[in-house]
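So the chains spell out like this:
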Amino acid sequence: MKIVVAVKVVADDQDIFVAGDRTLDYSKAHQVISSYDKNAIEAAAQLAAANDGTVTVISAATSKATDAKLKKDILSRGVDELIMVTDDALATADSFATAQVLKGIVEDKVSDYDLILTGDGSADFYAGQVNVQLAAALGVPTINEVTSIAAEGDKVVVERTLEEEVEEIEIPLPAVIAVSPSIGEPRIPGMREILAAGKKPSTVDELAGGVDAKIEIEETKAPELAPRKQQIFEEGDIDAFTAQVWDNLNEDNKVSLFTRFIDLESGETQTRIINKNK
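Fair warning: this is a prediction, and the values are worked out from it, not measured in the lab. (Residues numbered from 1 in each chain as written. Predicted model: local features only at pLDDT ≥ 70, side-chain atom pairs only at ≥ 80, totals over all residues. Heavy atoms only, no water.)

1. As for helix H3 (residues 95-109)
Part 1 of the argument: For H3, which comprises 15 residues, the first-to-last C-alpha distance of 21 Å matches the rise-based estimate of 21 Å (1.5 Å per residue) to within 8%.
Part 2 of the argument: As for H3, its buried residues are in contact with strand S1 (2-6), strand S6 (54-61), strand S7 (81-86), strand S8 (115-119) and helix H4 (130-138). (Helix = DSSP H or I, 4+ residues; strand = E, 2+ residues; numbered from the N terminus. Expected span 1.5 Å × (residues − 1). Contact = heavy atoms within 4.5 Å.)

Structure below.
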């Protein structure tokens, strides 16, 4: 069974800083696997192990994604091969453009695939549309929010866990499936897997023909911070403090307030429960 996983490489959100004009500074951000795609890689690795299969990861990424550490991270998670196509315009590419690039990789490099897995969204835009767009481009069936996959000959049987029921659906192969994070906890690669990853095949090519984006992002900014009142209470004025906190919470339709404070004289910690009617 030949399984392909479409992975998005994103900036590590812990390294993204907000500038004074609310623009986002990515200059120090490392490139990482989108957290939702780690679940797809894990699902693919487990499915391949159960069906004597192989796992190939494909990615449409920017030139920053060629980092050796990132490639080892991907290949150490039960993946047999990595294929990347890079273009810096892919940093803000919409779902349609991304799917078109992935289609080109599939048709050129892994046209004999049985199943393509994706995460149910990306850690940056979370549009949740790449699996649908890719399936449409390839002319194969697709389904999302999948929580379990089992191979049965020329089809797979999947489960979708909904709010009040679990659906069991048969999907003919080839197909594109977007998996839910609950499908499996991503593994943490050990030193042995990381060292072995350096010997696995990895291909990085520049994108030919450019990015066919249908949507252009003009700007991305952090939301404006709410103004702070900077109200200062005198030492020991606990009643005024708790009353003010209650009034603030009451504006957000909350009707109970649990307040824990330290008595400055005795040093004891006390908890007050305030119940008020609107």
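2. Things to note about the confidence of the model for the protein
Part 1 of the argument: Mean pLDDT over the protein: 85, with 88% of residues reaching 70 or higher.
Part 2 of the argument: The least confident element of the protein is strand S15 (residues 256-262), whose mean pLDDT is 47; the most confident is S1, at 97.
Part 3 of the argument: In the model, residues 254-261 has pLDDT below 50 throughout and makes 32 contacts with residues more than four positions away in sequence or in other chains.
Part 4 of the argument: Low pLDDT, under 50, characterises residues 271-278; the predicted model gives this stretch 22 contacts beyond four residues in sequence or across chains. (pLDDT = per-residue confidence, 0-100.)

3. Notes on the sheet that holds strand S11 (residues 155-161)
Part 1 of the argument: Strands sit in the order S10-S11-S12 across an open sheet of 3 strands; the sheet is antiparallel. Each of the sheet's edge strands pairs with one partner strand only, and the pair in question is strand S10 (148-152) and strand S12 (166-172). Here the strands of the sheet are splayed against their neighbours by 20° on average, with no regard to which way each runs.
Part 2 of the argument: Here S11 pairs with S12 via 7 bridges, running antiparallel. Opposite Val 157, over in S12, you have Glu 170 as the bridge partner. (Pairing = 2+ DSSP bridges. Axes fitted to C-alpha atoms, helices over the stretch in contact; angles between N-to-C directions.)

4. A closer look at the pairing of S8
Part 1 of the argument: Most of S8 sits inside the fold, with 5 of its 5 residues counted as buried.
Part 2 of the argument: Both faces of S8 are covered, namely the face carrying Leu 115, Leu 117 and Gly 119 and the face carrying Ile 116 and Thr 118.
Part 3 of the argument: Across 3 bridges, S1 lies against S8 in parallel orientation. Each bridged residue has a counterpart across the sheet, and for Val 4 the counterpart in S8 is Ile 116. (Buried < 20%, exposed > 50% of the residue type's maximum accessible area, 1.4 Å probe, protein only.)

5. What about the nonpolar core?
Nonpolar side chains tend to gather and get buried jointly when the protein is soluble and globular.
Part 1 of the argument: If you look at the biggest cluster of nonpolar residues, it comprises 34 residues, and the most contacted ones within it are Val 5, Val 57, Ile 74, Leu 117, Ile 149, Val 158 and Ile 177.
Part 2 of the argument: The biggest single contributor to this core is helix H1 (residues 35-50), with 6 residues.
Part 3 of the argument: Residues contacting Ile 177, with those up to four places away along its chain left out, are Leu 115, Ile 116, Leu 117, Thr 118, Ile 143, Val 146, Ile 149, Val 156 and Val 158.
Part 4 of the argument: Counting residues in each nonpolar core, the second largest holds 22 residues, with Ala 6, Val 85, Val 101 and Tyr 113 among its members. (Core = buried A, V, L, I, M, F, W, Y, C linked by side-chain atoms within 4.5 Å.)

6. A look at the packing of aromatic side chains
Part 1 of the argument: For the coordinates displayed, the defined rule picks out 1 aromatic pair.
Part 2 of the argument: Ring geometry for Tyr 36 versus Tyr 126: centroids 5.1 Å apart, planes at 55°, classification tilted. One end of the pair, Tyr 36, is in helix H1; the other, Tyr 126, is in the loop between S8 and H4, with 90 residues separating them in the sequence.
Part 3 of the argument: Residue Tyr 126 is classed as partly exposed on the basis of its relative accessible area, which comes to 39%. (Phe/Tyr/Trp six-rings, centres within 6.5 Å; stacked < 30°, edge-to-face > 60°.)

7. Concerning the sheet that holds S8
Part 1 of the argument: Here 7 strands make up an open sheet; going across it, the order is S9-S13-S8-S1-S6-S7-S14 and the pairing parallel. Whereas interior strands pair on both sides, the edge strands pair on one side only; in this sheet they are strand S9 (142-146) and strand S14 (202-206). Looking at each pair of strands side by side, their axes are set apart by 20° on average, direction ignored.
Part 2 of the argument: Of the strand pairs in this sheet, S8 and strand S13 (residues 175-179) are connected by 5 bridges, and their pairing is parallel. Along S13, the bridge assignment pairs Leu 115 with Ala 175.

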